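Here is how the chains run, residue by residue.
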Amino acid sequence: MKILPIFFEKREIVVPGDLLAEGDYIAGENTFREGKYIYATRVGLIEYTNEKVNVVALKAFYIPRIGDLVIGKIVEVGISGWVVDINSPYMALLRASDVIERGFNPRKDDLTAIYDVGDMIIAKIIAYDRTQNPLLTVNETGLGKITRGQIIKITPTKIPRVIGRKGSMINVIKKESGCNIILGQNGLILIRGRSPENERLAVMAIRKIEEESHTSGLTDRVAEMLRKEKESGKYESKSS
Amino acid sequence: MSQKVPEKLIDEKGLRLDGRKPDELRPVKIEVGVLSNADGSAYIEQGKTKILAAVYGPKEVHPRHLALPDRAVLRCRYHMAPFSVEQRKSPAPSRREMELSKVIREALEPSIFVEYYPRTAIDIFIEVLQADGGTRCAGITVASLALADAGIPMRDLVCACAAGKVDGTIVLDLTDIEDKKGEADLPTAMMPNSKSITLLQMDGMLTPGEFEKALNLAVEGCKKIYSLQKEALKAKYVAIKEAVEE
């Protein structure tokens, strides 16, 4: 393999318009090619793999993808379905026939009794392309209305960082805080713990990850912070 | 405070009223991500000119009929605060502000991948807090940073700078008084990577030779602003990285 010119070190911060590479590299995420040069299109961290140049964005918005688990808020109840805000430029639709198994009758069925404006739901995207708004489903286990817990919002591109390599980060947070955490690919995170104190710990950890996502050795620092916080006594032990 | 109009805008040593050389920029200070409610924001101080920019979007278009099926619509508002000039300015949008909103939008649009997000809108708000010449250029410079801060994919940052002619000399980055009393003003905005100019206006009279000299000077000024823009965009993240990694 011939050595192709690159202009940054791995995991260095780049901004739009930065020249990343020259030659036969494949222009990956958040990059674009002009002639034989590849430039960045977003602020992010650069990653070179064998033949590809990627930029992991530090801030972006959520663009729906089929199969993604998302957390959304009902903003409108229509005649035959709901409009859901999924923290994206596009509003998502949830059909009434998806929720009501037997034939749906608009005259008899009251949709607000199922989901009302302001309700939060966990859903999955089943259809989306650039000409149509995304379509959701709640017809799987674990999906549906959220009845308790806290929801926090982070930049969607940092969700993989919260999960960590093979789930290392999220497992540390779950273990140390004792909370059940559900990550929506759209940047919304649901935290359910035994007490508000447990939830506070998890929120703190996630906020720290969001702030310092572009630094290395973060998993260890988060684990250390959680342990220190627990020892400081404000946290009720698991025996309660 | 009323501006005294001096007889000469350039003294015997060839220095300007504020002591700058003809090809020198005013001191520039840029900060990115200053507002927490907007999706992206930036602030610039260029000499006495102070401008704040905020970006929202992409988001659903309201009213709906403005949406385009194949790309995002870009909407821009350039506005001067009532206290930005010596004599209180009416906060209602003036003819000049509407025109500037349009030229700024057209200067920024080529840098954005609008075709990636059909049926959406991107809103840009440029608020001039204090005006001392060069507000359209500084406005483009900050708005471009606010767009990058909002995570909107861009081909390049757009940087802008004016050149002009004062007392027979071609100068860079005019102040308000130099603009008003001088002979010509040439605001320029560009994307340095592709060497494409996205805004070029001229006010006053220049010979073809002077125009070429002024344009080259403005391009040089743009490139200096460009490196300051990149530095400012990285500064926020570099500071955190240094703090935690030691």
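Residues numbered from 1 in each chain as written. Chains lettered and ligands numbered in written order. Predicted model: local features only at pLDDT ≥ 70, side-chain atom pairs only at ≥ 80, totals over all residues.

(A) Broad picture of the overall build of chain B. The number of helices and strands found in chain B is four helices and 10 strands. Secondary structure elements of chain B, listed N to C terminal, follow the sequence β-β-β-β-α-β-α-β-β-α-β-β-β-α. Taken over the C-alpha trace, chain B has a radius of gyration of 19 Å; the compact-globule value for 246 residues is 18 Å, and the two agree within 12%. When the backbone C-alpha atoms are referred to their principal axes, chain B occupies close to 55 × 50 × 40 Å. Taken across its 246 residues, chain B has 45% of its residues classed as buried. Intrachain contacts of chain B at a sequence separation of at least 6 include 71% that bridge at least 24 residues. (Helix = DSSP H or I, 4+ residues; strand = E, 2+ residues; numbered from the N terminus. Rg over C-alpha atoms; globule rule 2.2 N^0.38 Å. Buried ≥ 20, exposed ≤ 12 C-beta atoms within 10 Å, placed from the backbone. Contact = placed C-beta atoms within 7 Å.)

(B) Seen up close, the overall build of chain A. Counting its secondary structure elements, chain A contains six helices and 16 strands. In terms of overall dimensions, chain A has a C-alpha envelope of 70 × 55 × 25 Å along the principal axes. Restricting to contacts in chain A with at least 6 residues of sequence separation, those with at least 24 account for 56%.

(C) Inspection of the sheet that holds strand β15 (residues 180-183) of chain A at higher detail. All names here are of chain A. Ordered by their spatial adjacency, three strands build an open sheet running β14-β16-β15, and the pairing between neighbours is antiparallel. The open sheet has two edge strands with one neighbour each: β14 (150-153) and β15. Neighbour to neighbour, the strand axes of the sheet diverge by 20° on average, direction disregarded. Judged from the four bridges that link them, β14 and strand β16 (residues 188-192) form a sheet pairing that is antiparallel. Residue K153 lies in a different strand from β16, and its bridge partner there is L188. (Pairing = 2+ DSSP bridges. Axes fitted to C-alpha atoms, helices over the stretch in contact; angles between N-to-C directions.)

(D) Summary view of the interface of chain A and chain B. With 24 residues of chain A at the contact, the number on the chain B side is 27 residues. Among the residues making up the side of chain A that touches chain B, the classes are represented as 12 nonpolar, six polar and six charged. (Nonpolar A, V, L, I, M, F, W, Y, C, P; charged D, E, K, R; others polar.)

(E) Geometry of the packing of helix α4 (residues 168-177) of chain A against helix α5 (residues 196-211) of chain A. Residues and elements named next belong to chain A. Interhelical geometry of α4 versus α5 gives an angle of 155° and a closest axis separation of 9 Å. In terms of orientation, α4 and α5 fall into the roughly antiparallel class. At the point where α4 passes α5, the crossing takes the right-handed sense. Where α4 abuts α5, its residues M169, I173, E176 and S177 lie against N198, L201, A202, A205 and I209. (Parallel < 35°, antiparallel > 145°, perpendicular 65-115°, else oblique. Left-handed = near helix turned anticlockwise from the far one by under 90°.)

(F) Focus on the environment of E229 of chain A. You can see E229 of chain A is positioned in helix α6 (residues 218-231). A sequence separation of 90 residues divides E229 of chain A from N139 of chain A, and the C-alpha atoms of the two residues are 39 Å apart.

(G) Spotlight on the nonpolar core. With 125 residues, the main nonpolar core has A53, I104, V142, A143, A146, L147 and C159 of chain B as its most contacted residues. Filtering out sequence-adjacent residues up to four positions away, C159 of chain B remains in contact with T141, A189, M190, P192, C222, I225, Y226 and Q229 of chain B. (Core = buried A, V, L, I, M, F, W, Y, C linked by C-beta atoms within 7 Å.)

(H) Region of the structure containing the sheet that holds strand β1 (residues 13-14) of chain A. All names here are of chain A. Spatial ordering of the open sheet is given by β1-β6-β7-β3, a layout of four strands whose pairing is mixed. What marks the edges here is a single partner per strand, and that holds for β1 and β3 (26-27). Sheet analysis places β1 next to strand β6 (residues 44-49), joined by two bridges and oriented antiparallel. In the sheet register, V14 faces β6, and the bridge partner there is G44.

(I) Quick peek at the domain arrangement of chain A. The domain architecture assigned to chain A consists of domain 1 (13-57), domain 2 (69-145) and domain 3 (150-231). Using C-alpha coordinates to define each centre, domain 1 of chain A is positioned 37 Å away from domain 2 of chain A. (Domains from an automatic or database assignment.)

(J) Looking closely at α4 of chain A. Residues and elements named next belong to chain A. The complete set of buried residues in α4 reads M169, I170, I173, E176 and S177. The buried residues of α4 all sit within an arc of 140° when viewed along its axis, so they share a single face. Exposed residues on α4 whose side chains face more than 90 degrees from its buried face are S168 and K175. Buried residues in α4 make contact with α3 (159-163), β15, α5 and α6. Positive backbone phi, approximately 70°, marks G178, located one or two places after α4. (Arc of directions from axis to C-beta.)

(K) Expanded view of the environment of D220 of chain A. Residue and element names in this part refer to chain A. Inspection of the secondary structure assignment puts D220 in helix α6. Given 10 C-beta atoms within 10 Å, D220 falls into the exposed group. When the C-alpha atoms of D220 and N50 are compared, they prove to be 28 Å apart, with 170 residues separating the residues in sequence.

(L) Broad picture of the pairing of strand β8 (residues 184-191) of chain B. Residues and elements named next belong to chain B. When you tally the buried positions in β8, you get seven out of eight residues, the bulk of the element. In this structure, strand β6 (residues 159-166) lies alongside β8, joined through seven bridges in antiparallel fashion. Of the residues in β8, the one forming a bridge with A162 is P187. Inspection of the sheet shows β8 paired to strand β10 (residues 203-204) by two bridges, in the antiparallel sense. When the bridges of β10 are listed, D185 appears paired with D203.

(M) Up close: helix α4 (residues 208-245) of chain B. Under the 1.5 Å per step criterion, the end-to-end length of α4 of chain B is 55 Å for 38 residues, consistent within 8% with the ideal 56 Å. When the local axis directions of α4 of chain B are compared, the greatest deviation, roughly 40°, occurs at A235 of chain B. Regarding α4 of chain B, the residues found buried are A214, L217, A218, G221, C222, I225, Y226, Q229, A232, L233 and Y237 of chain B. On its buried face, α4 of chain B is in contact with β1 of chain A together with β1 (28-32), α2 (135-149), β6, β7 (169-172) and β8 of chain B. (Expected span 1.5 Å × (residues − 1). Bend = angle between axes of the 7 residues up to and from the residue.)

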